[in-house]
Amino acid sequence: MALEVNGKTYETDEEGYLINLGDWDEDIAKVLAVEEKIDMTENHWEVINFLREYYNDFQIAPAVRVLTKAIGKKLGPEKGSSKYLYELFPYGPAKQACKIAGLPKPTGCI
Amino acid sequence: MNETTGGVDEGDPGLVKKFMFVNRKAPYGTIYALEGLEVVLISAAFDQDVSMVFMDDGVYQLVKGQHTKAIGMKNFSPTYRALEGYDIEKLYVEQKSMEARGLTEADLLVPVETLSSADMAGLMRSQDVVIDF
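Cut-offs applied
- Residues numbered from 1 in each chain as written.
- Chains lettered and ligands numbered in written order.
- Predicted model: local features only at pLDDT ≥ 70, side-chain atom pairs only at ≥ 80, totals over all residues.
- Helix = DSSP H or I, 4+ residues; strand = E, 2+ residues; numbered from the N terminus.
- Rg over C-alpha atoms; globule rule 2.2 N^0.38 Å.
- Contact = placed C-beta atoms within 7 Å.
- Core = buried A, V, L, I, M, F, W, Y, C linked by C-beta atoms within 7 Å.
- Buried ≥ 20, exposed ≤ 12 C-beta atoms within 10 Å, placed from the backbone.
- Expected span 1.5 Å × (residues − 1).
- Arc of directions from axis to C-beta.
- Pairing = 2+ DSSP bridges.
- Axes fitted to C-alpha atoms, helices over the stretch in contact; angles between N-to-C directions.
- Nonpolar A, V, L, I, M, F, W, Y, C, P; charged D, E, K, R; others polar.
- Parallel < 35°, antiparallel > 145°, perpendicular 65-115°, else oblique.
- pLDDT = per-residue confidence, 0-100.

Per the secondary structure count, chain B includes three helices and five strands. Helices (α) and strands (β) of chain B occur, in sequence order from the N terminus, as β-α-β-β-α-β-α-β. By the compact-globule yardstick of 14 Å for 133 residues, chain B fits well, its C-alpha radius of gyration being 15 Å. Taking the intrachain contacts of chain B between residues at least 6 apart in sequence as the baseline, contacts between residues at least 24 apart amount to 72%.

With that settled, the discussion passes to the nonpolar core. If you look at the biggest cluster of nonpolar residues, it comprises 49 residues, and the most contacted ones within it are L51, A97, I100 and A101 of chain A. Ignoring any residue separated from it by four or fewer positions in sequence, one finds I100 of chain A in contact with A29, L32, A33, E36, I38 and I48 of chain A.

Moving on to helix α1 (residues 32-43) of chain B. Residue and element names in this part refer to chain B. The end-to-end C-alpha separation of α1 is 16 Å, in line with the 16 Å expected for twelve residues at 1.5 Å each. Three or more residues of α1 are buried, namely A33, G36, L37, V40 and L41. Projection of α1 onto a plane perpendicular to its axis shows the buried side chains occupying an angular sector of 140 degrees, all on one side. Where the residues of α1 are buried, they touch β1 (18-23) and β2 (49-54).

Attention shifts here to the sheet that holds strand β5 (residues 129-132) of chain B. Residue and element names in this part refer to chain B. Pairing is parallel in the open sheet, where five strands are placed in the order β4-β3-β2-β1-β5. Both outer strands of the open sheet, β4 (113-115) and β5, are each paired with one neighbouring strand and no more. Taken pair by pair, the neighbouring strands of this sheet meet at an average axis angle of 25 degrees, ignoring direction. Bridge analysis of strand β3 (residues 90-94) against β4 gives three bridges, and the strand direction is parallel. Counted as the bridge partner of V93 is T114 from β4. Relative to β1, α1 is tilted by about 165 degrees, and along the sheet it contacts β1 and β2. Strand contacts of helix α3 (residues 117-125): β1, β2, β3, β4 and β5, with the helix running at about 140 degrees to β3, the strand carrying the most contacts.

Here we take up the interface of chain B and chain A. With eleven residues of chain B in contact, the opposing surface of chain A contributes ten residues. Taken together, the residues of the side of chain B that touches chain A break down into seven nonpolar, two polar and two charged.

Turning our eyes to something else, we now look at the packing of helix α2 (residues 42-58) of chain A against helix α5 (residues 93-100) of chain A. Residues and elements named next belong to chain A. At a minimum axis separation of 9 Å, α2 and α5 run at an interaxial angle of 80 degrees. One way to sum up the angle between α2 and α5 is to call them roughly perpendicular. Here V47, I48 and L51 of α2 come into contact with α5, specifically with P93, A97, C98 and I100. Among the residues making up the contact of α2 with α5, the classes are represented as seven nonpolar, no polar and no charged.

Mean pLDDT over chain A works out to 90, with 96% of the residues at or above the 70 mark. Strand β1 (residues 2-5) of chain A is the least confidently modelled element of chain A, averaging 87 in pLDDT, while α2 of chain A averages 95, the highest of any element.

All names here are of chain A. Where α2 meets helix α3 (residues 64-75), the axes come as close as 11 Å, and the angle between the chain directions of the two elements is 110 degrees. On the basis of their axis angle, the class for α2 and α3 is roughly perpendicular. Within the contact between the two elements, α2 uses E46, V47, F50 and Y54 and α3 uses A70, I71, K74 and L75. Here the contact of α2 with α3 is built from residues that sort into six nonpolar, no polar and two charged.

One turn of the α-helix equals 3.6 residues, which is why residues spaced by three or four share an orientation. Residue and element names in this part refer to chain A. Compared with an ideal rise of 1.5 Å per residue, which puts 17 residues at 24 Å, α2 spans 24 Å between its outermost C-alpha atoms and is within 8% of the ideal. Taken as a whole, α2 has its buried residues at V47, I48, L51 and Y54. Relative to the axis of α2, the buried residues are bounded by an arc of 125 degrees and lie together on one face. Turned more than 90 degrees away from the buried face of α2, the exposed residues are E42, N56 and D57. Summarising the contacts, the buried residues of α2 are in contact with α1 (26-35), α3, α4 (82-88) and α5.

All names here are of chain A. Turning to its location among the elements, E14 is positioned in the loop between β2 (8-11) and α1. Under the C-beta neighbour-count criterion, E14 is labelled exposed, with 6 such atoms within 10 Å. Residues E14 and I28 lie 14 residues apart in sequence; the distance between their C-alpha atoms is 17 Å.

Here it is as structure tokens:
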């Protein structure tokens, strides 16, 4: 599969995840978000940027449970709940947010 | 041991078993180390008592400063530092394997407990399931 952004084509896997992490930028994220039917707000970007940082540090996309805990630690307990994250990304924070962040699907996410 | 479920008893969600993952191989050259790590990360979702052992060339998996560009492999060693966030904090290395390779705990990416071969054997005996990579 492929994704077209600003006249350039980017490779994605059969589920729409970006193949080359290095390709990612905010414009690509916006197109991916539209495909996921997500209206990006500052709170969404906060999670996306958190995920990019997490991946950069650990070279994996975190499981939801781990993401929730880590977000709570970094951004405050009111944001470290699965309720909050599912409100932002209704079809699964790991699945949807990782896709928009240009990360691979989290390990163990089926 | 239940033959059909590989030792995991079904039907009792509250049952916690002691799982040990033994890593014996160098990080690159075979897929064992990476696959083993992925299995451990997935196992974390089941709230079991998980520990990891690094022995023989497996101790190299935890060594700091891995540079993999020249061999065209992804350096997945930073992922060992994510284990703590997955509540996997029981990491053991075998003293003899470390000494034979001139390594000390200061050379490693994550905090570990160093065990003698005898203590390691005892720890293995106390497990419900031991999985070797």
